[in-house]
Amino acid sequence: MSQITLTFPDGNTRAFPAGITAADVAADISPSLAKKAISAQLDGAHWDLAWPIEADAAIAINTLKDDAPALELIRHDLAHIMARAVQELYPDTKVTIGPVRDQGWFYDFDRTEPFTPEDLGAIEAKMKEIINARDAVRTEVWPREDAIAHYEKTGEPYKVELINRIPGNEPIRMYWHGDWQDLCRGPHLQNTGQVPADAFKLTHVAGAYWLGDSTRPMLQRIYGVAFKNRNDLKAHMQMLEEAAKRDHRKLGREMDLFHMQEEAPGQIFWHPNGWTIYTTLQDYMRRKQRVDGYVEVNTPQVVNRVLWEKSGHWDNYQENMFIVEVDEDHAREKTVNALKPMNCPCHVQVFNQGLKSYRDLPLRMAEFGSCNRYEPSGALHGIMRVRGFTQDDAHIFCTEEQIESETKKFIEFLAGIYADLGFHAWSIKLSTRPEKRIGTEESWDHAEESLGNACKAAGYDFEIQEGEGAFYGPKLEFVLTDAIGRQWQCGTLQVDPNLPERLDANFVAADGAKHRPVMLHRAVLGSFERFIGILIEEHAGKLPFWLAPRQVVVASIVSDADGYVNEVVAALNAKGIRAEADTRNEKINYKVREHSVGKVPVILACGMKEVEERTVTVRRLGEKQTAQATLGQIVADLAAEATAPDLR
RNA sequence: GCCGCAGUAGCUCAGUGGUAGAGCGCACCCUUGGUAAGGGUGAGGUCGGGAGUUCAAUCCUCCCCUGCGGCACCA
C-alpha cells in the first residue's frame, strides 16, 4: 500500500497509508481528539472525517472550538435533521434543498398543507429527539444512474432534478443518518449528537420559488438559526429584539415622523417632525453639491411616452411605470404619459438644449428628483422601499477619458458625506460586464478599468461582482454597515454610454466635430426616504442633534416658571434651534419620561431656582446626570451643536 | 406578482354567532410636584371594504384592499 505524508499545523509531518481518513488520523493522535473531532481542513478545504485521503496534504483536525467549521457543520447537519423531522412528522412532504445561510439554515419543502407555527414547535421537538439519538452519519458515493433510480423510486422528483444539475465530473454523494436519506455533498459531523440540542431555533416559514425561479412551483421554506451554545443563541435573539426596537416603522409612528395609508400604498405622508429631518438632510446635500461643482436642475414629473420610447424605458421598464392617460377634448386617442421613474432622460433633454462644447465637460447635473415607480406590491417595505421617492440624483456628462477622474472625485465626495453622517464602515463593489450587454469590448475594458483605478486612486479597496453590471456599463456600489451589523447599499455610480446615444446627446470637441458624451449616473444617499429610514434605524431614533426634529424641550417644574420657560424657548428659537416649551400641568418626572421616550436630545428643566439664577438644568438623552448652565451659555452651546457638519 | 399570516378606539392588544373591552394617549377637574408614568372624571369604535350563509355576522364562507414575514423583482 502506498504511503502519503500529512503535515500538521505545528509543522510536523507523518507518513500514513493512502486512503486513511481524517478520523483515523485524529484517533492516532489521541482518543480524546478522536471523540471531539468534527471535521478537518485538508490543504485548506473543509474535509469530512470519513472521507479517504489519497495524497500528500496539510491537515488540521477541527473541533467545536473552531468557529467557522463548527458553525458550518452544525447548521448544515441541522438542515438534514430538520428535513428528517419533517418527513417523519409529515410523510407526504417532498424534500428539496437546505443550505446554510446567515446565522442558520433553511430547507425548502413541497407539501400541500401549509406549515403552521405550531408545526414548527413539533418539528423542533422531533429534531431534539433525533439529536439525542446520536445516529451516526454515513455517506457513500453512488453512480449517478443509481441515485436517480433511487429517488425516482422514493418519489423525490426535486432530488432527481438536482442530480441532473450536478456537473458530470462531480461525485454523487448519498447521505444517511439513522434510516433517513438525503443527497448532499458534505462534509458532515460524525453523528447527530454532535449538534448542540439547545442552541438552535426554528424561526419562521415563508414561501420560496423552487430554484429561485418565479416560473417554478412555490415551496415552503422553514428557516432556523443555530449556534454553538445556548448563550450565543440568546445573544442572537437579543440582537433581533434590538433590530425590532429600531424598526423605522415603529419609531416613525412613535416619533410622529410620517405615516402611510392604504389610499396611497408605497407613498409617504411626512409629518412636521419627519419633514424636518428630510429638509435638513436635503439642505445639507444641496450645499455639499454646490461646493463640489454641481449645477442643480428640476425636470417634469409627467412626461409623454414618446420620450420613454426613445430612452428605451417604454420597452424595458413599462410594467414598473405609473401610466397617466389624459383624455383631451376632441382627441381621437388619449395622450399617454408616464410619471418619471428616473431622471436621466430628462437630464439629457436639459443637456441637449443649446450646443455643448468640450469646454462644458464634465457637466455635473444634479436634481433632487421625485420619481414614481410601480414597485411590485410584495416589495414595499415601510419608507425603505416605496413607490414615490426622491433621489439625490445627478448625471455627470463627460468624455471617456474623464470617467476615471470624475469617479475618483465622486468617491471622495461620497466619503466626506458618509463621514459627516456618522457612517465610517462602508465598502465598494465593482460590478462588471454581464452576459447580455451592448457596447464594444474595448469600451467595457476602459470603463471597468477606469472605475477600478478611481477606487485605488481615492485609496479604497473594492470587491468585484462578476457579471453584475447593467447591460450598458459597469457600476460601483457603495455599501454601508450599520450599528448592528446590517448592510445597506446606498451610493452608486454607473457608466452609461447608451442613453446619450439613444437620446442623441453630443458636444463639439476640440477637433470641431460632434462627439458623444458618456453619462455617469450617481447617487450618494440613494433616496432620501430610504436613507432616512436607515438613519432612524442606525441611531435607534436618537438622531444627531443637528438632524433631530425636536432638538430641545424646555420644561417647567412649577407653573410659576412658565414665563421664564417661554423666554428660554424664544432665545433658542432666535438662534434657529428647534425648541418647544412644555408648560403642561404635569410633574417633571412625567415630562422627562415622555420626552425621553420621544427621543428629544436635550431637556432643559426650569424651576424657581433657575428663574432666580437665570439658568437651566440640562438633561441629555440617555444620561441620568443633569448639569447646570446659564441661559447665555446653553444657547451658545446648543447653537454650535445644531450647526450642520459642513458648516462647522 | 407568488406563498403564508394578519387587520377590533389615536397606539398596543383582549374578546364573543345575539350590534364590544383593557392599558396608554386625549379632554376636563384636583394637585405646584426637582429629573423615566400623582389622583379622579369623561369622550372616543360602520370591529379594513364588498357580497353570501343565518332569525341574527365583528365572529362562519367567498372576493377585494392594505399591512407583516419571506420569495421573485430592484432597469
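The following paragraphs examine the structure supplied in this document.

Cut-offs used in this document
- Residue positions are given per chain, counting from 1 as you read along its sequence in written order.
- Chains and ligands are labelled sequentially in the order written, the chains with letters from A and the ligands with numbers from 1.
- With the structure being a predicted model, the display of local features is reserved for residues of pLDDT at least 70 and the display and counting of side-chain atom pairs for 80 or more, all residues being used for whole-chain, interface and lining totals.
- With hydrogens and water stripped out, all remaining heavy atoms of the structure feed into the side-chain values.
- Only buried Ala, Val, Leu, Ile, Met, Phe, Trp, Tyr and Cys residues count toward a nonpolar core, and they belong to the same one when joined by side-chain atoms within 4.5 Å.
- Each residue is assigned to one of three classes by its accessible area relative to the maximum for its type, calculated with a 1.4 Å probe on protein chains only: buried under 20%, partly exposed between the two thresholds, exposed over 50%.
- Only DSSP runs of H or I with at least four residues qualify as helices, and only runs of E with at least two residues qualify as strands; both kinds are numbered from the N terminus onward.
- Note on ring pairs: Phe, Tyr and Trp rings are taken, using the six-membered ring of Trp, and paired if centres are within 6.5 Å. Classes follow the plane angle, with under 30 degrees stacked, over 60 edge-to-face and the rest tilted.
- Ring-over charges, as used throughout, are those where CZ of Arg or NZ of Lys falls within 6 Å of the ring centre and within 35 degrees of the ring normal.
- By the criterion applied in these results, polar contacts are pairs of N or O atoms within 3.5 Å in which, for protein atoms, one can donate a hydrogen and the other can accept it, and in which residues neighboring in sequence qualify only through two side-chain atoms.
- Residue contacts follow a heavy-atom distance rule, with two residues in contact if any of their heavy atoms lie within 4.5 Å.
- Pairing between strands is defined by DSSP: at least two bridges between them are needed.
- Orientation is described by axes fitted as lines to C-alpha atoms, over the contacting stretch for helices, and by angles from 0 to 180 degrees between their N-to-C directions.
- Small angles under 35 degrees read as roughly parallel and large ones over 145 as roughly antiparallel, with 65 to 115 read as roughly perpendicular and the rest as oblique.
- Handedness of a crossing is defined here by the sense of rotation of the near helix relative to the far one, left-handed for an anticlockwise turn of less than a right angle and right-handed for a clockwise turn.
- As a working rule, the residues Ala, Val, Leu, Ile, Met, Phe, Trp, Tyr, Cys and Pro are called nonpolar, Asp, Glu, Lys and Arg charged, and the rest polar, with Gly in that last group.

**A few points about the nonpolar core**
Inference 1: Ranked by internal contacts, the top residues of the largest apolar core, which has 61 residues, are L421 and F478.
Inference 2: Here this core gets eight residues from one element, more than from any other, and that element is helix α13 (residues 403-420).
Inference 3: Within the second largest apolar cluster, 32 residues are counted, among which are A70, M82, V95 and W105.

**Focus on the packing of aromatic side chains**
Inference 1: With the rule as written, the count across this model stands at 24 aromatic pairs.
Inference 2: When the centroid spacing of 5.5 Å and the interplanar angle of 65 degrees are considered together, the rings of W270 and Y278 count as edge-to-face. Comparing W270 with Y278 shows no difference in burial state: the two are buried.
Inference 3: Ring geometry for F410 against F478: centres 5.8 Å apart, planes inclined by 70 degrees, an arrangement best described as edge-to-face. Highlighted residues: F410 in helix α13 and F478 in strand β27 (residues 475-481), separated in sequence by 68 residues.
Inference 4: Taking the relative accessible area as the measure of exposure, F478 reaches 0% and is therefore buried.
Inference 5: Put simply, the rings of F258, W270, W275, Y278, F368 and F528 pair up and form one aromatic cluster.
Inference 6: One Lys or Arg, K356, reaches over the ring of F351 and ends 5.4 Å from the middle of that ring.
Inference 7: Across from the ring centre of Y374, 4.3 Å away, lies the NZ or CZ of R387, which sits over that ring.

**Some words on the side chain of Q494**
Inference 1: Along the chain, the position of Q494 falls in strand β28 (residues 487-496).
Inference 2: A distance of 2.6 Å separates a polar atom in the side chain of Q494 from a polar atom in the side chain of Y472.
Inference 3: Those residues within four positions of Q494 in sequence are excluded, and the remaining contacts are A470, Y472, P474, K475, M519, L520 and H521.

**What to know about the pairing of strand β4 (residues 39-42)**
Inference 1: The pairing of β4 with strand β7 (residues 57-62) spans four bridges and is antiparallel. Along β7, the bridge assignment pairs S39 with N62.
Inference 2: Across three bridges, β4 lies against strand β5 (residues 45-47) in antiparallel orientation. Bridge assignment links A40 to a residue of β5, and that residue is W47.
Inference 3: Taking the residues that link successive antiparallel strands as the turn, the β4-β5 hairpin has two residues, and the phi of D43 there is positive, at about 50 degrees.

**As for the sheet that holds strand β12 (residues 172-177)**
Inference 1: Read from one edge to the other, the open sheet built from three strands follows the order β11-β12-β13, with strand pairing classed as antiparallel. Because the sheet does not close on itself, it has two edges, and the strands there are β11 (137-142) and β13 (180-183). Strand-to-strand twist in this sheet, taken as the mean axis angle between neighbours without regard to direction, amounts to 25 degrees.
Inference 2: Examined bridge by bridge, β11 and β12 share six bridges and lie antiparallel to one another.

**Considerations on the packing of helix α9 (residues 272-291) against helix α16 (residues 528-538)**
Inference 1: Between α9 and α16, the least distance of the axes is 11 Å, while the angle of their chain directions is 110 degrees. Between α9 and α16, the angle is such that the two are roughly perpendicular. As for how α9 packs across α16, the hand of that crossing is right-handed. Here I277, Y278, L281, Q282 and M285 of α9 come into contact with α16, specifically with F528, E529, F531, I532 and L535.
Inference 2: For the contact of α9 with α16, the residue count by class is eight nonpolar, one polar and one charged.

**Describing α16**
Inference 1: Of all 11 residues making up α16, 10 are buried, and the element is well covered by its neighbours.
Inference 2: Of all the residues in α16, the buried ones are F528, E529, F531, I532, G533, I534, L535, I536, E537 and E538.
Inference 3: Phi turns positive one or two residues past the end of α16, at A540, with a value near 50 degrees.

**Describing the sheet that holds strand β19 (residues 302-304)**
Inference 1: With antiparallel pairing, the three strands of this open sheet are ordered in space as β19-β21-β20. Sheet topology places β19 and β20 (323-326) at the edges, where each strand pairs with a single neighbour. If you compare each strand with its neighbour and ignore which way they point, the axes differ by 35 degrees on average.
Inference 2: Both β20 and strand β21 (residues 335-339) contribute to a ladder of four bridges, which runs antiparallel. Looking at the pairing, V324 lines up with N337 of β21.

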